[in-house]
Every structure is written in structure tokens, then in C-alpha cells.
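# Structure assessment
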Amino acid sequence: MAVPSNAGLEIKHLRTLTALAEQGSLAGAALTLNLTQSALSHQLKELETRLNLELYLRKSRPLVLTAAGQLLLSLARQVLPALSQTEKQLHALQSGEAGRLHLALDCHSCIQWLLPLLPDFRRQWPGVDLEVESVPGFDAINALLGGQLDLLLTSDVQARGDLHFEPLFAFDLNLVMAPDHPLCHQSRIEPSDLGPEVLLVYPVERSRMDIFSRFLQPAGVEPARCKLVDNTSVMLQMAAAGLGVAALPRWASEEFVRQGLLEARPLGGGVRRHMYGAVRAADKDQACLQSLFERIRSKMGEQKEA
């Protein structure tokens, strides 16, 4: 469409042409647009001056658009519905009713309590494209800041203004072992008790494992051997078979303990950690995120009381 560079077309002009075509008169269009007829006439005259073209035939009943007016009307019928749809989508994104939620778990066993929460969450938020990564194979914090992730469930807090760490729940680590293990006779486990043991651990840095950083290393204790296991289910089965002991949150082992396949004992006076939902600070109030946080709090609060 050849329009002078100084035409300055605005959305209000397209809405005006649409109202004129639908109502067939200046008076009807003015009422639809919540304008006075004088203000509408002035707006049209100003636009015609910019374009150096007439947009409608004066004194026509009903009002008749010129070729220039029809051309703008055709544009309006393309642009305005697309604009309305985009505004709805932007509102949905802002309110959290639509968009992407790509979350990762900086915790091998968290998938056990997270997955049962997701069907109800998806029913409540059908417009949210949910993706779950059980253990990220990348720098999760940088992925969060870079937009590859939207939520990280973690027990490690970093003090920085561009991230928000939402408190979710507290949890304790227990030592799990076969029911015939000698340590089952103790009410709690001390660091020195693990000196002779094979400790089953995930393949992550020791600095990120609480059993070392918060229990063994402060006491200067090293287990006889560490065996790497990258799957919680396999770790539980190995412990039940007497092939080692493991430090795990209650939720990871409670079913095995309930069935009598494992025994669990607290570590010393308690090794307590807190789970957080790490999100970009700008996104922390999104409704879908807050909804998921509340579901997690409710679920893990029920387990704590059980």
C-alpha cells in the first residue's frame, strides 16, 4: 500500500474505519468508539490531510468509503484481530495462564514426589507447556538466567539480585541400610559409624553432598569406600541387599522402609536442608509458578506430618 511516509497511521484510525463500515454513519461510529461526533470528524479530517486522500463520501447515506477508505478497512480487518489475539496471549503470559515452564531438579530423588503433582497442575494450567529435566547436565543457574530453564528445584541458595529462591519445605537426611545391618541397633548414626562402611553416593562433587560437607568432613571421617550410583531406585535396592549404606531424604526410602526392606536412622542430631524453587526475579510472582509452589508445600507438608 503506497502511503505517504508522514501518514502516521495509528491503531485508533483502523478502529475508526472499522466502526464507520459497521455502523454506516459518523453518529453511529462515534457512539461505538465512545467519542463525540465532532471529535470523530476532526480525527478523520486530520488523517485525510496526512494522507492527502478522502476516506469516505460526504453526505452518503449509508456512509460509503472511498477506495482509500476501503484499503484501510482491509488493513484494519487483518491487523485488529491479530492485535486482539496477541493482546490476549500477552495477558495469558503475564498471568501465567500460558507459556513455557521448563523446570529442572538439582536433586536425584526429587522426581519421586514431583511427578505425582504434575497431572493436577497440568489440568489447572492447560496452556502452560511443561517440561521436566530430572538432573540437568548443564550449569543450571546460568541456564536459568539465560532462559533455557524457568525453574530449578534446589537446596543450594545463591545470594544474587537477578534470582529469587522461593522457600518450599525442610527435610532431613537419614542413613538407610539393610534390616540386618549392625547399625540398625543404634537410635542414630554418628560420623565415626561410617568409617568401616561402603557409602553409596550419586556421581556429583563431594562439596554438593551433605553427607560429606555437613556430617563426615567436619568430624574428619572418611568411609572405607564410596560407590557411585546414578539412580535412586538402584541405590535403594543395593542398600537393601547389604551392598552399602546411603544417606537419603525420607521420601526416597519411605516405601522400602514401610515394606521392611530397609531401616532408616537419623544422622547425628539431624542433617536438615531446605528445598527452594529458584526462578528469575522478574518471574517470581507468575501465577502458575506460585500454584506449583503451593502444591509442593502442601504435598511435602503432608509427608512431614505422616
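Residues numbered from 1 in each chain as written. Predicted model: local features only at pLDDT ≥ 70, side-chain atom pairs only at ≥ 80, totals over all residues. Heavy atoms only, no water.

### Overview of the overall build of the protein chain
Check the secondary structure of the protein chain and you find eleven helices and eleven strands. Its C-alpha atoms give the protein chain a radius of gyration of 32 Å, more than 25% over the compact-globule value 19 Å for 306 residues. Along the first, second and third principal axes, the C-alpha set of the protein chain runs to 100 × 35 × 25 Å. Expressed as a percentage of its 306 residues, the buried residues of the protein chain come to 43%. Within the protein chain, one finds 30 positive and 34 negative side-chain charges whose respective centroids are separated by 7 Å. (Helix = DSSP H or I, 4+ residues; strand = E, 2+ residues; numbered from the N terminus. Rg over C-alpha atoms; globule rule 2.2 N^0.38 Å. Buried < 20%, exposed > 50% of the residue type's maximum accessible area, 1.4 Å probe, protein only. Lys, Arg positive; Asp, Glu negative; His and termini not counted. Charge placed at Lys NZ, Arg CZ, Asp CG, Glu CD.)

### Notes on helix α10 (residues 250–258)
Of all the residues in α10, the buried ones are Trp 251, Ala 252, Ser 253 and Phe 256. Of the residues flanking the end of α10, it is Gly 260, one or two places downstream, whose phi is positive at about 80°.

### Considerations on the packing of aromatic side chains
Applying the stated criterion across every chain, the model contains five aromatic pairs. When the ring of Trp 113 is compared with that of Phe 169, the centres are 5.4 Å apart and the planes differ by 85°; the resulting orientation is edge-to-face. Taken together, the positions of Trp 113 in helix α5 (residues 111–114) and Phe 169 in strand β6 (residues 163–177) put the pair 56 residues apart, joining distant regions of the chain. Measuring from ring centre to ring centre gives 6.1 Å for Trp 113 and Trp 251, while their planes differ by 80°; the resulting arrangement is edge-to-face. Here the residue Trp 113 occupies a position in helix α5, and Trp 251 occupies one in helix α10, the gap between them amounting to 138 residues. Residue Trp 113 is classed as buried on the basis of its relative accessible area of 2%. (Phe/Tyr/Trp six-rings, centres within 6.5 Å; stacked < 30°, edge-to-face > 60°.)

### Some points on unusual backbone geometry
Residues Arg 61 and Pro 62 are joined by a peptide bond in cis, for which omega reads -5°. Phi at Asn 34 is positive, roughly 60°, even though this residue is not glycine. The topology assignment puts Asn 34 in the loop between α2 (26–33) and α3 (37–51). On the basis of relative accessible area, Asn 34 is assigned to the exposed category, the value being 72%. Unusually for a residue other than glycine, Asn 52 sits at a positive phi of about 60°.

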